Structure formats: structure tokens, C-alpha cells
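Listed here are the chains, written in short residue letters.
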Amino acid sequence: MILANWWDLRTLANPVNGLLGWLEERFPDWVAYIVSGLIGAAAIGLFLGVAMLLLIWVERRVVARIQIRQGPNRVGPGGILQPVADALKLMQKESLTPRECDRWLFWLAPALLFIPTVLILGVLPFGERMSVADLNVGVLFIIAIGSVMPLVVFSAGWSSSNKYSTLGAMRVMALVISYELPAVIALLSVVILTGSMQLGQIVQWQADHWMISALLLPLPFIIYTISVLAEVGRSPADVTEAESELGAGYLTEYSGMKWGLFYAAELGNALVFGGLIATFFWGGWWLFGAENVIPSWLIFMVKMLAGYWLFVWARGTLPRLRIDQLLQFSWKFLIPLGLIFAVIVATEVVIWEEAGASSWIAIPAMVVVNVLLSVALVVGLVRILGFESVQQPRRAHLTTDIGIVNRTTRPPGAAEPVAAP
Amino acid sequence: MSVGLEHYLGLSAVLFGIGLWIALAKRNAIIILMGIELMLSSVNLMLLAFSRYIRSETPIAGHIFVIFILTVAAAEASVALALAVSVYRTRGTVDIDQIDLLKS
Amino acid sequence: MSDAGVAIGFWGLGALAVGAALGILVTQNLLHAVLLLILSFIAIAGLFLTLTADFVAVAQVLIYAGAVGVLVLFTVMLTPSSARVNADTVFFGPGFIIGGLIAAGMAVVAFKTPWSIADRGGFTTTVGLIGDALTNRWALPFELASILLIAAMVGAIVLVRSAAPVDNLEADQPVADIPFDQTGEADGRALATAAPRGGEGH
């Protein structure tokens, strides 16, 4: 059990409550109120700043190792000072502003991009009783923020008055709208199962029933991860800033620190959504009783980084998808799967309540049934929709092995060489 | 000073008046639609203020009414915008001062 | 919820909402008008929060700012820049008078009426109450709203869909022969008699 002494650092709520209690004894009420707000804001700001500096290094090193190369390794031991070097370089660069751009929007867009990140960080339960604002409608709040995010990216792309940026902006709107729905339906399954939209309650439910939601709801977990990957705009779904297609998409006209802010905001968003996956599906700050020994906020940060690592893994491994492939995948595959599974989960919850079975029987039974059903649904829908599996080559061949003629470039009109016997 | 029901109703009236002004005073069909949406939002504000402050048996009825207004407003906005796009395609403009005859 | 917090929230967010609404009137750029409308919606959602309506506030952001705002943005994108002016009609002055009179009338009634104020402190949480109401007492309007949404979706799609003449090509008919104003004629009969009809349509 968590003791409530102020030096009990297993949850940081204890020192904060100790400080606030001390303040309330000596000063009028509103001092403690304002101080608690300031502590929350300072905590979020500190966390976000440190996390972004660290994530630049993590991202570049991990992606490099996946691609079998060293990452940045010159600036400091193992390249750990690379983010500092990046920030210094970007700050001394010239920030170009196109002449015909929409000046207000162009300047505001990189600053506005941090607002969704900070708002979601306010609702995340970092530890036991450690969320800045544990809203009653936390899940809906997160969905609402996810639906406002594309407006900022759109205004960034559109205000650049550059046709590639505008194309990138339109693509991001279509992409985020299409992937909001599977995310919402996956969260619907979580809310039906745990019976609450409050993020702290969702984690508490998983703690009470001694099981993480990822095993109870495997299909919503996968659907949510894929949808969030597309919503944040990371590879394989980064058609909005497809470097090989669109210049740099909506980022084309941004240079210097404004570009740095965009990049940092994308990483911050990825981390925050990794934290959301950890909260909904991996048990948040709870880890099978280990939070009595290890501080709960450390557990949560490790899980958050694990969620972020999933995104980096996807980026390093998978090729970029086309926009029509992405949209088809969302509308034809993820949404039907999500809806069917939501109905299944609702049925199971009703059966559980009616039968009155105890958790020790019901939870393992649900795990087994849901995992089998998820596999069956995915395989079934793939067969019905007629997707075929891509044949992977077994091992790499050199082109000379297969007997291709050694083609050299020749001027047009020259005779074609005869193949060697 | 504490804020009571009258202040919320006054604010809602001001927003309604501005929405009406936008709907009457602008030429672009899309801006007129925006004025209408603003009027609907102000009515939502008024309903929620009543639900919060007035003594009644089912105080949640105000919230339910507002949810239905949100739904209908979203549906109406989508159809109105589809109409605007379709008018643009046939008439070439969304300026309501120029779309005043049934035959082009 | 403390009185001072509600007062600060009300005056600040109210000023923001009214300012953004006035900005829609004044600005010349259509896109700025749309973004100001979205700002006004978010300010109104904040006002909902001061009225302890948490679910409806978040639903307002989700539906109005997130969905209707994006819809209006897309429509602005579909009209070219020549039509993106925010001009005024002749009713600018009369509109101000009418709007002002209606607003003043409502405000006077609001301040003069003796309301029977309830002595509960607002809602602590509304989600459970709303869910219970929507499935028990107001279940029928809930179902009708879903039918309304489907009708609106289908209607909007039908309105903006134009019958592509490519679908109705006869074999070997050159595409240039199809007159340009053939919107909405989805059957093949119109095209079967498609001699070049140069004099029809504008």
C-alpha cells in the first residue's frame, strides 16, 4: 500500500500534497490553489523540454541502428549532445519567410503545434494520483484534441502559399479524419470494458483486475496503435511530409528554428501518444504489484518510452504507404474490425455481469476468447476482402545470379547488344 | 463579482445578435452559414445556462437538448456546404447577390 | 468550482468569443474568417465548462471545431481564390440594427425576469446522467437522430456527386463529343443521341 508521508516518493503526489497542506495552514486558500496549478504547469513544461531533447538523440540513434549504421556519434560520448548541437545550429539559421505567405498564420503555426501535446500531457496519469487534471471525460477530451490537431498542420501548410505545402496540408486532413474513426472505436472497446472515461479509473481497473488491457482487448490495441501512428503522421504514414514526393510537404517553407519546432513537436506528439497507449492498454503506472517497490512514475515513463519505441521501430522498418492505400486500409479494414470487436466486448461485459462470475475465472477466459476471436476476425476479413500476402524473397540475390544481361547505358538508337551465350 | 444566469443570457444574446448580423450582412454563402452556426452555438449556451441555474426535475434535459442541437447543426452544415459547392459548380459563384434568379 | 474562477473564465472567454465573432465580420480574408469561427467555437466550449457541462463542452470542440470547422475549410478550398472575398451586402447597417435590437431585447428580458434559481452547485459529472437519459427516456429521439445523420450524409454525397461522362461512354465515342454541361444525366440515353450539340447550354 502507498503510505501518505511526504517523503514517500513512490508517487510524487505525496510531496506535492505535503507542500500544499503546509501552505494551506499558513496562507489563505487561493495561494495553495495557484501553487498547485503552477506546479502542474511547471512539471509538464519540464517534462516536455527534457523529453524532446532526449528523444531527438534516441530517434536518430535507434533508427540508425535499425538501418545498420551508426547514428550521430561525434558530439559528446555516443552522440548524446547531438540535440544541443542541433538546437544551436537551428537557432543561428536564417528563418526565411516567403513574400506572399499569410504572415500571421505562418508565424503562429509552429507555436500552436505544441498546444495539443501539452493538453494531452495534462490528462495522462503519470503515477498514482499524479495526473495534473484527471478529467471525468478524459477519453473524449483526447479524441477532441486529436480532431483539432489537423487544423494547425493545415494552417501551416496553407499559409506557406506553396502548392506542395498545400497538397501536404490537404493530405494530412484526409489522413487524420480517416484514422480518427478507428482510434475512437478502439477506445470505445476500452471504455466499455473498464466502465469509465476517466484515465485514472482505466488504470485503476486494470490494477484491480490484475490484467493489462492489451491481452484482454488485443484487436483494439493493434487498431489503436496503427491509428495513432497515422494520426501523428509518422512513417509508414508520413505522406504529409513525404520527402521523396512533396519536397517536404507542409514543412517546405519553414527553415531554421521554426522547422526545429515542427520536428520537436512531432516527436513530442509521438511520445505523448505512446504514453496514451501505455495508459489504455499496458496498465499505466501499474505493474503487477511492482509499484509498491519501484516509483510508479518511473514505471510509467518506461512504458511511455516503450510505446515510443514501437513508433521508431515502425519507422525504421516499414516503407512509406501511398495515401490511397492508407485510406483504404482505414475505411475498409480497421473500421469494420473495430466495430465488430466493440459489439463482442459489449456482449462479453453483459454476460460477465449477468453471470456474476468472479474475476479469477472471467478474466483468463476473456483473454483466451478475445485473442482467438481477434485472430479469427483478422484472418476472416483478409480472406473476405481478398487481400493477398506479398511473397517475401528468401534471401538476397545478386542480379548477375539470375541471368540478367549486363545492361550498360547506351545512347538512343544504338544497336542492342546480343546476350552472351 | 459573481456571475449569474443573467450574465450568461446576456452573452448568449450578444452572440446571437452578432450571428444574425453576419447572416444578414455578408455576401458569401459560406460566411452566412458561419453566422447561422454561431447563432446555434449561442442558443446552446443559453440552454446550458438554464440547465445549470434553474430549479427543475430533470436538469439534464438541457444537456440532452444541446446534444441534439449539435447533431442537427452538424448535419445541416454538411448539407448546406454540399449545396454551396453544387451551386458554385453550376453558377460559378457563391455570391448571393448574383444568385437571385431561378434561371441563370 | 470557486466563484472567482467562474468569473475570470466567463469574462475572459466571453470577450474572446465576442471578439472572434466580430472578427468574422471585419476580416477580408475568407480563411481567416473560418479560423476565427473555430476560435469562437473553442471559446464557447470553454464557457460550457464554466457551466459545469463537461461532456457537452468536449463534444462541442469535437463536433463543431473538429468536424464542422474542417468541413467549412474544405469547402473554402474547393472555391477558387477569386470567390474568396468577404464582401458586405447593402444590409450591413440594417443588419446591425436588427441584430442589436434582438440582442438588446433578450438581454433586457434576461436581467429583468425574477428567475427561480436552484440551489444546487452545478453538476459534478454529466456523463452518466446523459447516458442514462439517452437510453431510457430520450431513446427515440436518439434513434431518430441517427436516421437524420444518415439522411444528411447520403444527401450531401448525392448533391456533390457529378455523373462522370466517362462512365457512360459508348464504344468508340470520342470524349470531346460529349457536351460539357451534362451533369446529373446518369443514364445512357442522353448520350446515345449525342450528336454535337453546340448550341445548347452555356
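Residues numbered from 1 in each chain as written. Chains lettered and ligands numbered in written order. Predicted model: local features only at pLDDT ≥ 70, side-chain atom pairs only at ≥ 80, totals over all residues.

## Some details on the overall build of chain A
Okay, step 1: Secondary structure assignment for chain A yields 14 helices and zero strands.
Okay, step 2: The secondary structure elements of chain A, listed N-terminal to C-terminal, are α-α-α-α-α-α-α-α-α-α-α-α-α-α.
Okay, step 3: Counting all 421 residues of chain A, 39% fall into the buried class.
Okay, step 4: Counted over contacts in chain A with a minimum sequence separation of 6, partners at least 24 positions apart contribute 77%. (Helix = DSSP H or I, 4+ residues; strand = E, 2+ residues; numbered from the N terminus. Buried ≥ 20, exposed ≤ 12 C-beta atoms within 10 Å, placed from the backbone. Contact = placed C-beta atoms within 7 Å.)

## Comments concerning the interface of chain C and chain A
Okay, step 1: Taken together, the contact between chain C and chain A spans 17 residues of the former and 17 residues of the latter.
Okay, step 2: Breaking the side of chain C that touches chain A down by element, the ones donating at least two residues are α2 (30-50) and α3 (54-78) of chain C.
Okay, step 3: Ranked by residues supplied to the side of chain C that touches chain A, first place goes to α3(C) with 12 residues.
Okay, step 4: In the side of chain C that touches chain A, the residues fall into 13 nonpolar, three polar and one charged. (Nonpolar A, V, L, I, M, F, W, Y, C, P; charged D, E, K, R; others polar.)

## Let's talk about the packing of helix α2 (residues 29-66) of chain A against helix α12 (residues 296-317) of chain A
Residues and elements named next belong to chain A.
Okay, step 1: α12 packs onto α2 with a crossing angle of 45 degrees between their chain directions and a minimal axis gap of 9 Å. With respect to α12, the element α2 is oriented oblique. Taken as a pair, α2 and α12 cross one another with a handedness that is right-handed. Here Glu59, Val62, Val63 and Ile66 of α2 lie close against α12, whose contacting residues are Val312, Arg315, Gly316 and Thr317.
Okay, step 2: Grouping the constituent residues of the contact of α2 with α12 by class yields four nonpolar, two polar and two charged. (Axes fitted to C-alpha atoms, helices over the stretch in contact; angles between N-to-C directions. Parallel < 35°, antiparallel > 145°, perpendicular 65-115°, else oblique. Left-handed = near helix turned anticlockwise from the far one by under 90°.)

## Description of the interface of chain C and chain B
Okay, step 1: Listed by partner, the interface residues are 75 residues for chain C and 61 residues for chain B.
Okay, step 2: Residue assignment for the side of chain C that touches chain B shows that the elements contributing at least two residues are α1 (3-26), α2, α3, α4 (92-112), α5 (127-135) and α6 (139-160) of chain C.
Okay, step 3: By residue class, the composition of the side of chain C that touches chain B is 57 nonpolar, 16 polar and two charged.

## Some details on the nonpolar core
Okay, step 1: Counting residues in each nonpolar core, the largest one holds 178 residues, and the members touching the most others are A:Leu140, B:Ile22, B:Met34 and C:Val58.
Okay, step 2: Among the domains, domain 1 (1-87) and domain 2 (124-161) of chain C are the pair contributing at least three residues each to this core.
Okay, step 3: The contacts of C:Val58, once residues within four sequence positions are left out, are A:Val137, A:Leu140, A:Phe141 and A:Ala144. (Core = buried A, V, L, I, M, F, W, Y, C linked by C-beta atoms within 7 Å. Domains from an automatic or database assignment.)

## Things to note about the domain arrangement of chain C
Okay, step 1: By the assigned domains, chain C splits into domain 1 (1-87), domain 2 (124-161) and domain 3 (163-192).
Okay, step 2: Inter-centroid distance (C-alpha atoms) of domain 1 of chain C to domain 2 of chain C is 23 Å.

## Observations regarding the environment of A:Leu48
All names here are of chain A.
Okay, step 1: Within the element layout of this structure, leucine 48 appears in helix α2.
Okay, step 2: With 19 C-beta atoms counted inside 10 Å, the residue leucine 48 sits in the partly exposed group.
Okay, step 3: Not counting chain neighbours up to four residues away, the residues in contact with leucine 48 comprise Thr117, Val118, Leu121 and Gly268.

## Here we look at the packing of helix α13 (residues 323-355) of chain A against helix α14 (residues 359-385) of chain A
Angle between the axes and distance between the axes: these two values describe a pair of packed helices.
Residue and element names in this part refer to chain A.
Okay, step 1: Look at α13 against α14: their axes get within 11 Å of each other, and the N-to-C directions meet at 155 degrees. What the angle tells us is that α13 and α14 run roughly antiparallel. Read as a crossing pair, α13 and α14 show a hand that is right-handed. Touching Lys332, Phe333, Pro336, Leu337, Ile340, Phe341, Ile344, Glu348 and Trp352 of α13 are Ala362, Met366, Leu373, Leu377, Val378, Leu381 and Leu385, all from α14.

## Remarks on helix α4 (residues 103-112) of chain A
Residue and element names in this part refer to chain A.
Okay, step 1: Taken together, the buried positions of α4 are Leu105, Phe106, Ala109 and Pro110. All buried residues of α4 lie within an arc of 125 degrees about the axis, which places them on one face of the element. Seen from the open side of α4, the exposed residues pointing more than 90 degrees away from its buried face are Arg103 and Ala111.
Okay, step 2: On its buried side, α4 packs onto α6 (138-159) and α11 (257-281). (Arc of directions from axis to C-beta.)

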